[in-house]
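Survey of secondary and tertiary structure
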Amino acid sequence: MAYEFITVSIEDAIGIVALNRPKVLNALNLALVDELVAELERLDRDPAIRVIVLTGNDRAFAAGADINEMAEESAISIMQKDQFAVWDRMRLISKPIIGAVSGFVLGGGCELMMNCDLIVASETAVIGQPEIKLGVMPGAGGTQRLTRAVGLRKAMEMLLTGEPIKADEALRYGLVNKVVPVEMYRKEAVQLAKRIAAQPPLAVQVIKKTVHKADDLPLDEGMDYERNAFYLLLASEDRQEGMKAFLEKRKPHFTGR
């Protein structure tokens, strides 16, 4: 498909989606988010794709929401547009999304990054939620996901001061998985995606969903969910192939069935 604000490429079983508004540091307007979610859903339906990489460019993953688009809106007009409904659809993507981020990762860009399941950051990444400096607050999950990621105290500091953190600090707080030189962050994310794509697809998707349930459920309910998911995977052809290959000392061939 032809898009105005994103680009899409395929490498083996990896779908690579790049935000593409470089003149405004990939600021997130409504049209970009609509295109992005539509493509994530398309890749999620494509049986040839096993993992998705979401990225921007070296200068910016995304520097935040498009303030030019928002400045003249009223509370009622934004509410009527229900602009966050499309963000909620990202939670339903079943395949792993790996964020490859560099430069500015601010506001809506930070919220978008936190929708990824794994994150590789360049050493130039600057990550934060500066909405308070504009008299507003995050609306696409910034207060909720940031607190779950870095803890209450650090999240409160970042949200109330609006000051960002650098990549190495984000790594220490568990906000990203890995920090690499700027010339390596996208390549590293793709290599990670390929390692995951080599695993049985059903198990990958069920594990992703089950891990996210840890945020939503009390421990006892989460344990029940995990055990039922475990039983479900026992019925898969990939489980039979994986165990047979192990016993026969050969590489398994997973089909996602």
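Let me sum up the structure you'll find in this document. Computed from a predicted model, the values in this text were never measured in an experiment.

1. Observations regarding the layout of surface pockets
Space inside the largest pocket adds up to approximately 1200 Å³. Lining the largest pocket are 36 residues, with Met114, Cys116, Asp117, His212 and Asp215 positioned closest to its centre. For the lining of the largest pocket, the elements supplying multiple residues, two or more each, are helix H4 (85-90), strand E7 (118-122), helix H6 (142-150) and helix H10 (201-216). For the lining of the largest pocket, the leading source of residues is H10, giving 11 residues. Looking at side-chain class alone, the lining of the largest pocket contains 17 nonpolar, 9 polar and 10 charged residues.

2. A closer look at a nonpolar patch on the surface
A grouping of Ile132, Leu152, Met156 and Leu160 is seen on the molecular surface, where their side chains present a nonpolar patch of about 370 Å² in accessible area. With respect to the element layout, Leu152 can be found in helix H7 (residues 152-161).

3. Some details on the nonpolar core
Core analysis: the largest hydrophobic core is formed by 44 residues, its most contacted members being Leu19, Leu54, Leu112, Met113, Ile127 and Leu175. With 6 residues, helix H1 (residues 30-45) is the largest single contributor of residues to this core. Setting aside anything within four residues of it in sequence, one finds Ile127 in contact with Val105, Leu106, Cys110, Met113, Met158, Pro164, Ile165, Ala170, Leu175 and Val176.

4. A look at unusual backbone geometry
Unusually for a residue other than glycine, Asp12 sits at a positive phi of about 55 degrees. If you trace the backbone, Asp12 turns up in the loop between strand E1 (6-11) and strand E2 (14-19). Phi at Leu25 is positive, roughly 55 degrees, even though this residue is not glycine. Here Leu25 lies in the loop between E2 and H1.

5. As for the pairing of strand E5 (residues 97-101)
In terms of residue burial, E5 counts as a mostly covered element, since 5 of its 5 residues are buried. Residues Ile97, Gly99 and Val101 point to one face of E5 and Ile98 and Ala100 to the other, with burial holding for every one of them. Relative to E5, strand E3 (residues 51-55) is paired through 4 bridges, and the arrangement is parallel. Residue Val53 lies in a different strand from E5, and its bridge partner there is Ile98. The pairing of E5 with E7 spans 4 bridges and is classified as parallel. From the neighbouring strand, Ala100 faces E7, where its bridge partner is Val120.

6. Regarding the sheet that holds E7
The sheet built from 6 strands is open, its strands ordered E1-E2-E3-E5-E7-E10 with mixed pairing. Edge positions in the sheet fall to E1 and strand E10 (178-180), since each has one partner strand and no second. If you compare each strand with its neighbour and ignore which way they point, the axes differ by 20 degrees on average. Pairing of E2 with E3 involves 5 bridges; the strand directions are parallel. Paired with Ile14 across the strands is Val51, a residue of E3.

7. Quick notes on the packing of H6 against H7
Closest axis-to-axis distance for the H6/H7 pair is 7 Å, and the angle between their directions is 135 degrees. Classified by the angle between their axes, H6 and H7 sit oblique to one another. Considering only the axes of H6 and H7, their crossing is right-handed. Every residue of H7 that contacts H6 at Gly142, Thr143, Leu146, Thr147 and Val150 is listed here: Leu152, Lys154, Ala155, Met158 and Leu159.

8. Quick notes on the sheet that holds strand E9 (residues 165-166)
Pairing is mixed across the open sheet formed by 4 strands, whose spatial order is E4-E6-E8-E9. Both outer strands of the open sheet, strand E4 (60-62) and E9, are each paired with one neighbouring strand and no more. As defined by bridge partners, E4 adjoins strand E6 (residues 104-106) across 2 bridges and the pair is classed as parallel. Within E6, the position partnered with Ala62 by the bridge is Val105.

Conventions we followed
- Residues numbered from 1 in each chain as written.
- Predicted model: local features only at pLDDT ≥ 70, side-chain atom pairs only at ≥ 80, totals over all residues.
- Heavy atoms only, no water.
- 1 Å grid on protein atoms, 1.4 Å probe; cavity = no way out; pocket = protein on both sides within 12 Å on 5 of 7 lines; lining within 4 Å.
- Points joined across faces, edges and corners; volume = space filled by probe spheres on them.
- Helix = DSSP H or I, 4+ residues; strand = E, 2+ residues; numbered from the N terminus.
- Nonpolar A, V, L, I, M, F, W, Y, C, P; charged D, E, K, R; others polar.
- Patch = residues over 30% accessible without salt bridge, like charges linked within 9 Å, V, L, I, M, F, W, Y side chains within 5 Å.
- Areas by Shrake-Rupley, 256 points an atom, 1.4 Å probe, with all protein chains shown as cover.
- Salt bridge = Lys/Arg side-chain N within 4 Å of Asp/Glu carboxyl O.
- Core = buried A, V, L, I, M, F, W, Y, C linked by side-chain atoms within 4.5 Å.
- Buried < 20%, exposed > 50% of the residue type's maximum accessible area, 1.4 Å probe, protein only.
- Contact = heavy atoms within 4.5 Å.
- Pairing = 2+ DSSP bridges.
- Axes fitted to C-alpha atoms, helices over the stretch in contact; angles between N-to-C directions.
- Parallel < 35°, antiparallel > 145°, perpendicular 65-115°, else oblique.
- Left-handed = near helix turned anticlockwise from the far one by under 90°.

Remember that the coordinates give geometry; whether it matters functionally is a separate question.
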